[in-house]
Amino acid sequence: MSVLAVRNVETFYGAIMALRGVSIDVEEGEIVTILGANGAGKTTLMKTICGLMDPEKGSVTLLGERIEGMDPDRIVKKGLALVPEGREVFPYLTIEENLRLGAFTRRDAIGGDLELVYQYFPILKERRKQAAGFLSGGQQQMLAIGRGLMARPKLMLLDEPSLGLSPLLTQEIFGIIARLNAEQGVTMLVVEQNAHIALATAHKGYVLETGRIVMAGPAETLRNSPDIQEFYLGKS
Ligand code: ATP
């Protein structure tokens, strides 16, 4: 089943065309990654999907419904959770308060969801009464993912989860992303500069260059492509 379909999207900053006819697909149960260098348009694509920017042309369809141009809070209610770049946790609230905020769109009981988050991130349970501002960068990233999970999203968008993390922590975070997908069936779209880890975790990938998709395919095919190896995996 199609969770997300982006078709021929063009998004501008004033006169600057940052997305030049981008199309991508995410199916239920998949991890899909978007690779691209600085300035390729990855953040613009994320913002266009979650309603923070309106495309000039093209369409964004979430679970069969057109959402381009819709307010971000409405899109969130339709099942999209954004785990933003730079974490953006609430530093003066406790970890548990941050997690509870992730469920603000829901009216049902959330105790089970908290337990689920704590099962995947035991360190958050240990420190649940502490202010989130005292967490390390990696732990804040865990909290941001946990907060996204609390909404029980149909699609989770992760913007550069490896940003600012050591290689070891990056491995750990992507390991948890893979487990959440395999064990809980969470569908994910992951924007990432670290092509190694992204292609090792995702099922499918797209390469964005100056606002265009220049390559797409199963992660394994991309991993074996000479162009990807040279430009994104640092092999020659
Ligand atoms: P990064 O990894 O550095 O975040 P990115 O792939 O996310 O890069 P975008 O931030 O989406 O790239 O930027 C795409 C293009 O749009 C770039 O050429 C950038 O210079 C331009 N751009 C981004 N933000 C603005 C803005 N506020 N005003 C004008 N141009 C912008």
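Within an unreviewed UniProt entry, the label attached to the protein reads ABC transporter ATP-binding protein, and the organism entered is Pseudooceanicola nanhaiensis. Looking at the Sequence similarities (unreviewed entry) heading of the UniProt record, one finds this comment for the protein: "Belongs to the ABC transporter superfamily."

A few words now on the environment of T170. Topologically, T170 is positioned in helix α7 (residues 167-184). It is 8.1 Å that separates the C-alpha atoms of T170 and G138, two residues lying 32 residues apart in sequence. Aside from chain neighbours lying at most four places away, what touches T170 is S162, L165, N194 and I197.

So, about the pattern of salt bridges. Any two side chains of opposite charge can pair, so long as their charged atoms come close to each other. Taken as a whole, this structure holds 10 salt bridges when the rule is applied. One salt bridge connects K204 with E30, and the closest N-O pair in it is separated by 3.3 Å. Taken together, the positions of K204 in strand β9 (residues 204-209) and E30 in the loop between β2 (16-27) and β3 (31-35) put the pair 174 residues apart, joining distant regions of the chain. A single burial state applies to K204 and to E30, both of which are buried. Where E96 meets R100, a salt bridge forms, and the shortest distance between an N and an O atom there is 3.5 Å. A residue pair is termed a helical-turn pair when its members lie 3 or 4 positions apart in one helix, as E96 and R100 do in helix α3 (residues 95-101) at 4 residues. Connected via shared salt-bridge partners are E96, R100 and R128.

Turning next to the sheet that holds strand β10 (residues 212-218). Sheet strands associate in pairs through backbone hydrogen bonding, adopting either a parallel or an antiparallel arrangement. As summarised here, the arrangement of the 6 strands in space is β6-β7-β8-β3-β9-β10, forming an open sheet in which the pairing is mixed. Looking at the sheet topology across the chains shown, the edges are occupied by β6 (80-83) and β10. Along the sheet, successive strands turn relative to each other by an average axial angle of 15°, direction set aside. Examined bridge by bridge, β3 and β9 share 4 bridges and lie parallel to one another. Across the sheet, V32 pairs through a bridge with K204, a residue of β9.

Following both chains from N to C, one finds helix α6 (residues 137-149) and α7 inclined at 15°, their axes separated by 10 Å at the closest point. Overall, the two elements α6 and α7 adopt an arrangement that is roughly parallel. As for how α6 packs across α7, the hand of that crossing is right-handed. Contacts from G138, Q141, M142, I145 and L149 in α6 reach L169, E172, I173, I177 and L180 in α7. Its residues placed into classes, the contact of α6 with α7 shows 7 nonpolar, 2 polar and 1 charged.

This paragraph deals with the site of the ligand. Surrounding the ligand, one finds 13 residues, the nearest of these being N38, G39, G41, T43 and T44. T44 is positioned such that a nitrogen or oxygen atom in its side chain is 2.5 Å from an oxygen atom of the ligand. Compared with its free state, where it exposes 630 Å², the ligand has 60% of that area covered by protein. Going through the elements one at a time, β2 and α1 (42-49) are the ones with two or more residues in the shell around the ligand. Here the shell around the ligand takes 3 residues from α1, the largest share from any one element.

Along the chain, V32 turns up in strand β3. Classification of V32 as buried rests on a relative accessible area of 0%. Along the sequence, V32 and L157 sit 125 residues apart, while their C-alpha atoms lie 9.7 Å from each other. Among residues more than four places away in sequence, those in contact with V32 are D25, V26, M188, L189, V190, A202, K204 and Y206.

Analysis parameters
- Residues numbered from 1 in each chain as written.
- Predicted model: local features only at pLDDT ≥ 70, side-chain atom pairs only at ≥ 80, totals over all residues.
- Heavy atoms only, no water.
- UniProt positions renumbered as here; feature names shortened; annotations may be inferred.
- Helix = DSSP H or I, 4+ residues; strand = E, 2+ residues; numbered from the N terminus.
- Contact = heavy atoms within 4.5 Å.
- Salt bridge = Lys/Arg side-chain N within 4 Å of Asp/Glu carboxyl O.
- Buried < 20%, exposed > 50% of the residue type's maximum accessible area, 1.4 Å probe, protein only.
- Pairing = 2+ DSSP bridges.
- Axes fitted to C-alpha atoms, helices over the stretch in contact; angles between N-to-C directions.
- Parallel < 35°, antiparallel > 145°, perpendicular 65-115°, else oblique.
- Left-handed = near helix turned anticlockwise from the far one by under 90°.
- Nonpolar A, V, L, I, M, F, W, Y, C, P; charged D, E, K, R; others polar.
- Near = heavy atom within 4 Å.
- Polar contact = N/O pair within 3.5 Å; in protein donor to acceptor, adjacent residues only side chain to side chain.
- Areas by Shrake-Rupley, 256 points an atom, 1.4 Å probe, with all protein chains shown as cover.

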